[in-house]
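Observations on the three-dimensional arrangement
Here are the chains, one letter per residue:
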Amino acid sequence: MRPVVVGYDGSTSSQRALERAAMLARALGTTVIVVSVDVVVPPIVATPVGLADPTIAPIPPVPLLPEPVPDASSAVAPELADARTLLEGRGVEAEYVPASGDAAEAIVTLADERQAELIVVGSTSDRGFLDRVLAGSVSRDVSKRAHCDVLLVH
């Protein structure tokens, strides 16, 4: 049986997804691959506009956000340690994988690379409209991009 990939970020919904993935993996006799993604936000750069005088030297762009953390393993290590603690004693073989970048893309890419049978992700419905519009939905994006079955755990 091919593995079950679960996205984990330490939230309540991802804890429920991890529990469901462990239950399914135990029933199917397969392994769980826990992926925790350090979401890398590209820096926003402010560029001055409206300078009418071409003799004035241009002002260099100014980053408004700090540079992203380059090492995903250190950024997501607490989440993976938490996932390891939650899975201890459940009789499931698990692998813990740090990733960085877009969360949905990282989860789907890992599932493709490992030829996963299933992706399990948590879904939160308690987020407000503006939060969903601005931040997007990892579970929605995973379900749109995945090449295998996706289980959304509410």
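Residues numbered from 1 in each chain as written. Predicted model: local features only at pLDDT ≥ 70, side-chain atom pairs only at ≥ 80, totals over all residues. Heavy atoms only, no water.

With respect to helix α6 (residues 138–145)
All buried positions along α6 are accounted for by Ser139, Asp141 and Val142. Relative to the axis of α6, the buried residues are bounded by an arc of 165° and lie together on one face. The secondary structure elements touched by the buried residues of α6 are α4 (103–113), β6 (118–122) and β7 (149–153). (Buried < 20%, exposed > 50% of the residue type's maximum accessible area, 1.4 Å probe, protein only. Helix = DSSP H or I, 4+ residues; strand = E, 2+ residues; numbered from the N terminus. Arc of directions from axis to C-beta. Contact = heavy atoms within 4.5 Å.)

Considering the sheet that holds β6
Ordered in space as β5-β2-β1-β6-β7, the five strands form an open sheet in which the pairing is parallel. Single-partner strands in this sheet number two, and they are β5 (94–101) and β7. Strand-to-strand twist across the sheet, computed as the mean angle between neighbouring axes with direction ignored, equals 25°. Both strand β1 (residues 4–7) and strand β2 (residues 32–39) contribute to a ladder of four bridges, which runs parallel. (Pairing = 2+ DSSP bridges. Axes fitted to C-alpha atoms, helices over the stretch in contact; angles between N-to-C directions.)

Some points on the pairing of β2
With seven of its eight residues buried, β2 lies for the most part within the structure. Bridge analysis of β2 against β5 gives eight bridges, and the strand direction is parallel. When the sheet's bridge partners are listed, Val39 is paired in β5 with Gly101.

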